[in-house]
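# Architecture at a glance
What follows is the residue order along each chain.
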Amino acid sequence: MLDPVLLRQQPAELAERLRSTRGYALDTAVLESLESERKRLQVRTQELQSLRNSKSKAIGQAKAKGEDVAALMAEVASFGDELKASEVALDRIRGELEAISLSLPNLPQADVPFGSDESENVEQARWGTPRSFDFAVKDHVELGARHGWLDGETAAKLSGARFTVLRGPVARLHRALAQFMLDLHTGEHAYQETNVPVIVNADSLYGTGQLPKFEEDMFATQLGEQRRYLISTSEISLTNIVRDEIVDAERLPLRMTAHSLCFRSEAGSSGRDTRGMIRQHQFEKVELVSICRAEDSDSEHQRMTRCAEVVLEKLGLPYRKVLLCTGDMGFSATKTYDLEVWLPSQDTYREISSCSNCGDFQARRMSARWRNPATGKPELLHTLNGSGTAVGRAMIAVMENYQNADGSIDVPEVLRPYMGGLQRIA
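An account of the accompanying structure is given in this report. Bear in mind that the values here come from a model prediction, so they are computed numbers and not experimental data. (Residues numbered from 1 in each chain as written. Predicted model: local features only at pLDDT ≥ 70, side-chain atom pairs only at ≥ 80, totals over all residues. Heavy atoms only, no water.)

## Digging into the overall build of the chain
Within the chain, the secondary structure is distributed over twelve helices and 18 strands. Taken along the three principal axes of its C-alpha coordinates, the chain extends 100 × 45 × 45 Å. Looking at the chain as a whole, 48% of its 426 residues qualify as buried. For the chain, contacts bridging at least 24 residues in sequence account for 72% of all contacts bridging at least 6. With the model as given, the accessible surface of the chain reaches about 20,100 Å², and the carbon-plus-sulfur share is 47%. (Helix = DSSP H or I, 4+ residues; strand = E, 2+ residues; numbered from the N terminus. Buried < 20%, exposed > 50% of the residue type's maximum accessible area, 1.4 Å probe, protein only. Contact = heavy atoms within 4.5 Å. Areas by Shrake-Rupley, 256 points an atom, 1.4 Å probe, with all protein chains shown as cover.)

## Notes on the sheet that holds strand β4 (residues 192-193)
As summarised here, the arrangement of the eight strands in space is β1-β11-β12-β13-β16-β10-β9-β4, forming an open sheet in which the pairing is mixed. Both outer strands of the open sheet, β1 (122-127) and β4, are each paired with one neighbouring strand and no more. Across two bridges, the pairing between β4 and strand β9 (residues 254-263) is parallel. By the bridge assignment, E193 is partnered in β9 with T257. Seen against the sheet, helix α10 (residues 297-315) touches β1, β9, β10 (282-292), β11 (319-323), β12 (335-343), β13 (348-357) and β16 (382-390) and runs at an angle of roughly 5° to β16. (Pairing = 2+ DSSP bridges. Axes fitted to C-alpha atoms, helices over the stretch in contact; angles between N-to-C directions.)

## Looking at the pairing of β10
β10 sits mainly inside the fold: nine of its eleven residues count as buried. Relative to β10, β9 runs antiparallel, the two sharing ten bridges. Paired with L261 across the bridge in β10 is E284. Note: β10 against β16, seven bridges, orientation antiparallel. By the bridge assignment for β16, L288 is matched with G386.

## Observations concerning the pattern of salt bridges
All chains considered together, the criterion is met by 23 salt bridges. Among the salt bridges present, the one from R40 reaches E37, with a minimum N-O distance of 2.8 Å. Of this pair, R40 and E37 both sit in helix α3 (residues 28-64), three residues apart, which is roughly one turn of that helix. The exposure class of E37 is partly exposed, given its relative accessible area of 27%. Salt bridges linked by common partners bring E123, R126, R320 and E340 together as one network. (Salt bridge = Lys/Arg side-chain N within 4 Å of Asp/Glu carboxyl O.)

## Focus: the packing of aromatic side chains
Scanning the entire structure with this criterion turns up six aromatic pairs. Taken together, a centroid distance of 5.4 Å and an interplanar angle of 80° make the contact between F133 and F135 edge-to-face. Ring geometry for F331 against F361: centres 5.7 Å apart, planes inclined by 75°, an arrangement best described as edge-to-face. Placement of the pair is F331 in the loop between β11 and β12 and F361 in helix α11 (residues 361-366), with a sequence separation of 30 residues. F361 matches F331 in its accessibility class, with the two residues each being buried. Against the face of Y337 rests K321, its NZ or CZ located 4.4 Å from the ring centre. (Phe/Tyr/Trp six-rings, centres within 6.5 Å; stacked < 30°, edge-to-face > 60°. Lys NZ or Arg CZ within 6 Å of the ring centre and 35° of its normal.)

## Quick word on unusual backbone geometry
Omega for the bond connecting L211 with P212 falls within 30 degrees of zero, at 5°, which places this linkage in the cis form. Note that P212 resides in the loop between α8 (202-208) and β6 (219-223). Of the consecutive residues G388 and T389, the connecting peptide bond is found in the cis state with omega at 15°. Relative to the assigned elements, T389 resides in strand β16. With phi around 65°, H147 is a residue other than glycine that occupies positive phi space. Positive phi, close to 60°, is recorded for A190, a residue that is not glycine.

What follows is the structure in C-alpha cells.
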C-alpha cells in the first residue's frame, strides 16, 4: 500500500507516476471527489459526536440536580439519526478509498529502467558458459520419460493438466536439491529455517498484495463460512509473521527461509509452457524473506540476490542476472532482480529466481513495524523476498545441462552427498 499522503495531497503527481512507470490509470477525479466527501463527512460526524457528548454530559448534570431533562433528551434524539447516517456514509467512503488504495501497485525505485515488458529488462551480468553438446540435446521431459521417472500422464489422471508425478532417482534428485538449498541458506547464508502453513487466511494475502487484485491466481478452500487460500509462495506465510507486530530493533534484520509446496492457477497462461514442468499448478520452492529497517533494504536486496546466485554457481549452472523494467515487475515490488538459468533444450535463459525489494509497501498493508530505539517510536519495516531457488526448475536445469548422449544424467558434485553418493542417473 502506498503512503496515503500521496493520495490525499498529491493525486495528480501520483497518477502521472503510476501511468508512466506502471501503465496504471488512476482516476483522480473519482479520488478527489471521494476525498472531498470524506473530509466533509468526517467534519460533520465529529461535530455531531461532540454535540452528543456535550449534551449527554449536560443530561447527567441535570439529572444529578433533579432537573427535568426531557428537552435535552429530545434534542439528542433530534440529531441521533443524522449522526448514525453520517457514520455509515463515512465508513462507506473510507471503504471505497481503501479499495482504491489496495489496488495501486508499488512505485519503482528511481534506478529501475522504464519499459513495458520483459523485452526491456536490462541484463546485469552472466556467470558460466553454456555447454556445447556433440549430440542432439533432449529436454527434461524426454530425459525423465525413461522408466517413468517424470510422468505427466499419470498426474493428469490424478489431478489434470500441469501436474507431474516424479519417481525413482529423479524424485530423489528433486528432494536433494531442496535439502541442498536449505542447508546452504541456513548455514553459509545464516537464514533461519522456518516451516510455515501452506493454507492461509485472506488477511495474509491482503498483507502481501495477492488480494484483492490477484484472487483468480489463487487456489481456495471453503469450509463452512471460512474461506482460505493455498499459498502461491511461502513469501506470503513468512512475511505475514510480522503482521500487526512491532519488532524489537535487535532482531533486525530478520532473515527466514522455507521449503514449501506452492500452488498457482496460472490464470491467463493458457498455451504457455504446457510441456513438462516449467509452469505447474503445484511446485516447490525454497524461499528467502528478509525483514529489515528502511536504511538497510537496498543492501539486503543485494545480499539476498547474491545468496540465490550462489545456489546456481555451486550447482555449476550457467545463468544471467537481469534487472526488471517497470512494466515487468510484480505488483508489490519496488525493484526486482531475476536470475535466469540456461536451458539447453530451449537454447535460452529461463527465470529460476526472482528477488524483490518491496520497501514499506507490504509493511503498510500489514501494519508491520519496528521500534526505533533512537526515538522510541514505531516505524514501518521494509520487506524483501526471493526464490532461493525454484526446486522444479533447478531440477530441469540439472537434468538438461548434465545430460549425456545415452540419456543418462551426471549428478552435480554438491548434490552427491544428498543422493547417497550416486554420481550418475542411468
